Amino acid sequence: MRPKTVIFIGPQGSGKGTQIVELDSILKKIDPTRRVVDIQTGRRFRAMAASGEGYTERHISKTLDEGVLQPLFLSTVLWGDAMKVHVDEDCHLLVDGFPRIVDEARVLESALDFYKREYLDIINLDTPEAVVRARMEERARPDDTKESIEERLRWYREETLPVVEYYRKRANTTVHDIDGTDTISGVHTAILQALNIN
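Residues numbered from 1 in each chain as written. Predicted model: local features only at pLDDT ≥ 70, side-chain atom pairs only at ≥ 80, totals over all residues. Heavy atoms only, no water.

(A) Summary view of the overall build of the protein chain. When you go through the protein chain residue by residue, the secondary structure sums to eight helices and five strands. Put simply, the protein chain runs from its N terminus to its C terminus through helices and strands in the order β-α-β-α-α-α-β-α-β-α-α-β-α. Its C-alpha atoms give the protein chain a radius of gyration of 16 Å, near enough to 16 Å, the size a compact globule of 198 residues would have. Counting only C-alpha atoms, the protein chain reaches 45 × 35 × 30 Å along its principal axes. The contacts of the protein chain with a sequence gap of at least 6 include a subset with a gap of at least 24, amounting to 79%. In the form shown here, the protein chain has an accessible surface area of approximately 9,900 Å², with 52% of it arising from carbon and sulfur atoms. One finds the centroid of the 28 positive side-chain charges in the protein chain at a distance of 2 Å from the centroid of its 34 negative side-chain charges. (Helix = DSSP H or I, 4+ residues; strand = E, 2+ residues; numbered from the N terminus. Rg over C-alpha atoms; globule rule 2.2 N^0.38 Å. Contact = heavy atoms within 4.5 Å. Areas by Shrake-Rupley, 256 points an atom, 1.4 Å probe, with all protein chains shown as cover. Lys, Arg positive; Asp, Glu negative; His and termini not counted. Charge placed at Lys NZ, Arg CZ, Asp CG, Glu CD.)

(B) Region of the structure containing the layout of surface pockets. Quantified by volume, the largest pocket comes out at close to 840 Å³. Lining of the largest pocket is provided by 43 residues; of these, P11, Q12, G13, K16 and D96 occupy positions nearest its centre. Listed by contribution, the elements that provide at least two residues to the lining of the largest pocket are strand 1 (5-9), helix 1 (16-30), helix 2 (41-51), helix 6 (129-139), helix 7 (146-169) and helix 8 (184-194). Grouping the constituent residues of the lining of the largest pocket by class yields 15 nonpolar, 17 polar and eleven charged. (1 Å grid on protein atoms, 1.4 Å probe; cavity = no way out; pocket = protein on both sides within 12 Å on 5 of 7 lines; lining within 4 Å. Points joined across faces, edges and corners; volume = space filled by probe spheres on them. Nonpolar A, V, L, I, M, F, W, Y, C, P; charged D, E, K, R; others polar.)

(C) Inspection of the side chain of R100 at higher detail. Within the secondary structure, R100 sits in the loop between strand 3 (92-96) and helix 5 (102-114). One polar contact links R100 to E104, side chain to side chain, over a distance of 2.9 Å. R100 has contacts with L69, Q70, P71, L72, S75, E159, T160 and V163, leaving out every residue within four places of it along the chain. (Polar contact = N/O pair within 3.5 Å; in protein donor to acceptor, adjacent residues only side chain to side chain.)

(D) Looking closely at the environment of F114. Secondary-structure assignment places F114 in helix 5. Note on F114: relative accessible area 60%, which makes it exposed. (Buried < 20%, exposed > 50% of the residue type's maximum accessible area, 1.4 Å probe, protein only.)

(E) Local environment of the sheet that holds strand 4 (residues 120-126). Spatially, 2-3-1-4-5 is the arrangement adopted by the five strands of the open sheet, whose pairing is parallel. Strands at the two margins of the open sheet, each flanked by one partner only, are strand 2 (36-40) and strand 5 (173-179). Averaged over all pairs of adjacent strands, the angle between strand axes in this sheet comes to 20 degrees, irrespective of strand direction. Along the sheet, helix 2 contacts strand 2 and strand 3; its crossing angle with strand 2, the most-contacted strand, is approximately 60 degrees. Helix-sheet contacts for helix 7 involve strand 1, strand 4 and strand 5, and the interaxial angle to strand 1 is about 150 degrees. (Pairing = 2+ DSSP bridges. Axes fitted to C-alpha atoms, helices over the stretch in contact; angles between N-to-C directions.)

Take a look at the structure:
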């Protein structure tokens, strides 16, 4: 099996984090000699905000509560540092939370080239706004206020959906449109089929 690079794209509440955990588990079972690295920037931003150590952390905490898109330089620092520490040319790489904008996808290209990641699978969790809105309201995370949910949905529509189209045009890349409204196991099965993992 060739090392996989799988980027999960979908609005917050579409189940990306859950599906990464599921895929991580399967890859470790079917390819036990190869490491699986998952990088989730949302989790890293929340950890920074929780530390509250300095201006950056306090500002991130405030903007997370407002649902504001975090600055490109910080996102790049977070995933770039995680790649530097954990990624090599032979591991499976699972990504959630970036790229969020087309400019970030272009920056990511240099990292993919550096780590010899020519082939990409994009899991596009196609989930209607009404569904993800209800999921985010149910999970009751502190940063899931009505205002922040609406702001995140707006920037997903305006900034992140164009990233999917960017990847549809990228060579050696397959965008898998997956119905994000299915059950967790149904979505998981669809992802395994899309990735030809039995």
